[in-house]
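# Structure assessment
Listed below, chain by chain, are the residues.
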Amino acid sequence: MAFEEEWQRLREIGVHGYFEYAHASERWSKAVDGHFATVRVPDKYGVYLVRRVEDSEIIYVGRGGSIDSNGRFKEQAIPGRLKAPRRDRIRRCDIPANRWFLDLRAAEGALRIEYIILGKVPKSPALAEALLLQAFLDKHGILPRYNNVF
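Here's what I pulled together on the structure shown here. A quick note: this is a predicted structure, and the numbers were derived from the prediction, not measured.

Right, let's get into the overall build of the protein. Of regular secondary structure, the protein possesses 5 helices and 8 strands. Going residue by residue from the N terminus, the α and β elements of the protein occur as α-β-α-β-β-β-β-α-β-β-α-β-α. By principal-axis analysis of the C-alpha atoms, the protein measures approximately 40 × 35 × 30 Å. Buried positions account for 45% of the 150 residues belonging to the protein.

Structure below.
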């Protein structure tokens, strides 16, 4: 299945939205907190992607939330994952999310962060992320530029 078709299929079963990160003067964590404060869904577990605003190119696919053996969500929801440190694949160290997204915005231009909150639907964030990455890999033969592994 093509990436955009898979993304649309997931959008149909979850709550979805987006925000843009376009100004270097805006702190990343403030942008995330400000947006998700308006999202009136209690459990914000699911998948997200980062696109360049300029041409809608998908440059990263991620997830927020893991499911434990009892079927309960644990770990970071999407807002927490977006604010978590990122691994620098060249320097092999963690970089604070504020710095990582500021550098990403400087390199790629304005960013659009789209997400789907899967909530209580019977689809784990890990499965949804895997389906999206596989669809991207099938079409392009590579992962999105800022995904290190699959």
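The biggest cluster of nonpolar side chains holds 23 residues, and the ones touching the most others in it are Trp28, Leu82 and Phe101. When residues of this core are traced back to their parent elements, those giving at least two are strand S1 (15–21), helix H2 (28–36), strand S2 (46–52), strand S3 (58–64), helix H3 (78–82), helix H4 (97–108) and strand S8 (111–117). Among the nonpolar cores identified, the runner-up in size contains 15 residues, and Phe3, Ile58, Leu132 and Leu143 belong to it.

On the basis of which strands lie adjacent, the open sheet formed by 4 strands has the order S1-S8-S2-S3 and antiparallel pairing. Sheet topology places S1 and S3 at the edges, where each strand pairs with a single neighbour. When the angles between neighbouring strand axes are averaged without regard to direction, this sheet yields 20°. For S2 and S8, the ladder comprises 7 bridges, and the chain directions are antiparallel. Residue pairing for S8: Arg51 is matched across the bridge by Arg112.

This part takes up the pattern of salt bridges. Per the stated rule, a full pass over the model turns up 14 salt bridges. For Glu129, the salt bridge goes to Arg63, with nearest N and O atoms at 3.0 Å. Taken together, the positions of Glu129 in helix H5 (residues 125–140) and Arg63 in strand S3 put the pair 66 residues apart, joining distant regions of the chain. Judged by relative accessible area, Glu129 falls into the buried class, the value being 16%. Residue classification places Arg63 among the partly exposed positions, given a relative accessible area of 29%. Of the charged contacts, one joins Arg99 and Asp103 as a salt bridge, the two residues approaching to 3.1 Å between their closest N and O atoms. Separated by 4 residues within a single helix, Arg99 and Asp103 lie in helix H4, roughly one turn from each other.

Before going further, it helps to examine the pairing of S3. Within S3, 6 of the 7 residues are buried, leaving the element largely enclosed by the surrounding structure. Pairing analysis gives 6 bridges linking S2 to S3, with the strands arranged antiparallel. Looking across to S3, one finds that Val47 is bridged to Arg63. In this antiparallel pair of consecutive strands, S2 and S3, the connection spans 5 residues, and Ser56 shows a positive phi of 65°.

So, on to H4. For H4, which comprises 12 residues, the first-to-last C-alpha distance of 16 Å matches the rise-based estimate of 16 Å (1.5 Å per residue) to within 8%. Those residues of H4 lying buried are Ala97, Asn98, Trp100, Phe101, Leu104, Arg105 and Glu108. Angularly, the buried residues of H4 cover 165° about the axis, an arc narrow enough to put them on a single face. What points out from H4, more than 90 degrees from its buried face, is the exposed set Ala106 and Ala107. Just beyond H4, the residue with positive phi is Gly109, at close to 90°.

Parameters at a glance
Residues numbered from 1 in each chain as written. Predicted model: local features only at pLDDT ≥ 70, side-chain atom pairs only at ≥ 80, totals over all residues. Heavy atoms only, no water. Helix = DSSP H or I, 4+ residues; strand = E, 2+ residues; numbered from the N terminus. Buried < 20%, exposed > 50% of the residue type's maximum accessible area, 1.4 Å probe, protein only. Core = buried A, V, L, I, M, F, W, Y, C linked by side-chain atoms within 4.5 Å. Pairing = 2+ DSSP bridges. Axes fitted to C-alpha atoms, helices over the stretch in contact; angles between N-to-C directions. Salt bridge = Lys/Arg side-chain N within 4 Å of Asp/Glu carboxyl O. Expected span 1.5 Å × (residues − 1). Arc of directions from axis to C-beta.

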